[in-house]
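In case you want the letters, here they are:
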Amino acid sequence: MMHAAPSDDSWLSALVAWVVSLMDTIGPAGVGLAIALESIFPPIPSEAILPAAGLAASRGSFGIVEAIVFATIGSLVGALALYGVGAIVGVERLRRLFDRIPLMSGDDVDRTVGWFERHGGQAVFFGRFLPVFRSLISIPAGVVHMPVWRFSLYTVLGSLIWNTTFIVLGWLLGEAWPVVEQYMGVVENVVVVAVVIAVLWFVVGRVRARRRST
């Protein structure tokens, strides 16, 4: 049986402890369930869940291949759920919504759709390596109705690389895997800051453009 006490009282340590207990109870399926939830709810960090799965594999709770397979299945299930949300919303509804949002317009949707139709496969694949975007990239794929088989292929390929990397890392580190926890927030913080800067840059640019046009 696995037993891992959280290293502190943070919500992240509590989450990792819950995931460990879940894997303790239902085995590698717990890895898949946790990663499916991570794919739908970006605040849940796979960078913490996957090394814990590797630790479980190193202890013999289940095989490392099982952990990778179930994690990748969970990634696909979660991604398909958000793809479905995007498909339900569709381009027309999104265009009408953007027309009601200040500083936005339906033309922004058209440009985004055009870009995604040209680079969607690469966006889905490389998006699996970026915190937050790993989840959100599935929604525009559904909006533009990217073929499900193509979306699934790129999702599985990107997720397989990501999941394997962190599960193997946890397996190699063994009991020392919490070392990863000390650094995994750095990349996420960098991405969040970059997104905030990009949003502010966009807003400032739009405001200036509106002032010039009026």
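What counts, and where the lines are drawn
- Residues numbered from 1 in each chain as written.
- Predicted model: local features only at pLDDT ≥ 70, side-chain atom pairs only at ≥ 80, totals over all residues.
- Heavy atoms only, no water.
- Helix = DSSP H or I, 4+ residues; strand = E, 2+ residues; numbered from the N terminus.
- Contact = heavy atoms within 4.5 Å.
- Axes fitted to C-alpha atoms, helices over the stretch in contact; angles between N-to-C directions.
- Parallel < 35°, antiparallel > 145°, perpendicular 65-115°, else oblique.
- Nonpolar A, V, L, I, M, F, W, Y, C, P; charged D, E, K, R; others polar.
- Patch = residues over 30% accessible without salt bridge, like charges linked within 9 Å, V, L, I, M, F, W, Y side chains within 5 Å.
- Areas by Shrake-Rupley, 256 points an atom, 1.4 Å probe, with all protein chains shown as cover.
- Salt bridge = Lys/Arg side-chain N within 4 Å of Asp/Glu carboxyl O.

Draft legend 1. Looking closely at the environment of L22. Structurally, the position occupied by L22 is in helix α1 (residues 11–26). When the C-alpha positions of L22 and L33 are compared, they lie 9.0 Å apart, and in sequence the two are 11 residues distant. With residues near it in sequence (within four places) discarded, L22 still touches G27, G30 and L33.

Draft legend 2. Structural view of the packing of helix α2 (residues 28–40) against helix α3 (residues 46–58). Axis separation between α2 and α3 bottoms out at 10 Å; the angle between their running directions is 170°. Considered as vectors, α2 and α3 are oriented roughly antiparallel to each other. Of α3, the residues touching α2 (which contributes V31, A34, I35 and E38) are S46, I49, L50 and A53. In the contact of α2 with α3, the residues fall into 6 nonpolar, 1 polar and 1 charged.

Draft legend 3. A nonpolar patch on the surface, seen in detail. On the surface, V65, V69, F70, I73 and V77 cluster together into a nonpolar patch covering about 420 Å² of accessible area. Counting through the fold element by element, I73 comes out in helix α4 (residues 64–100).

None of this, on its own, says anything about what the molecule does.
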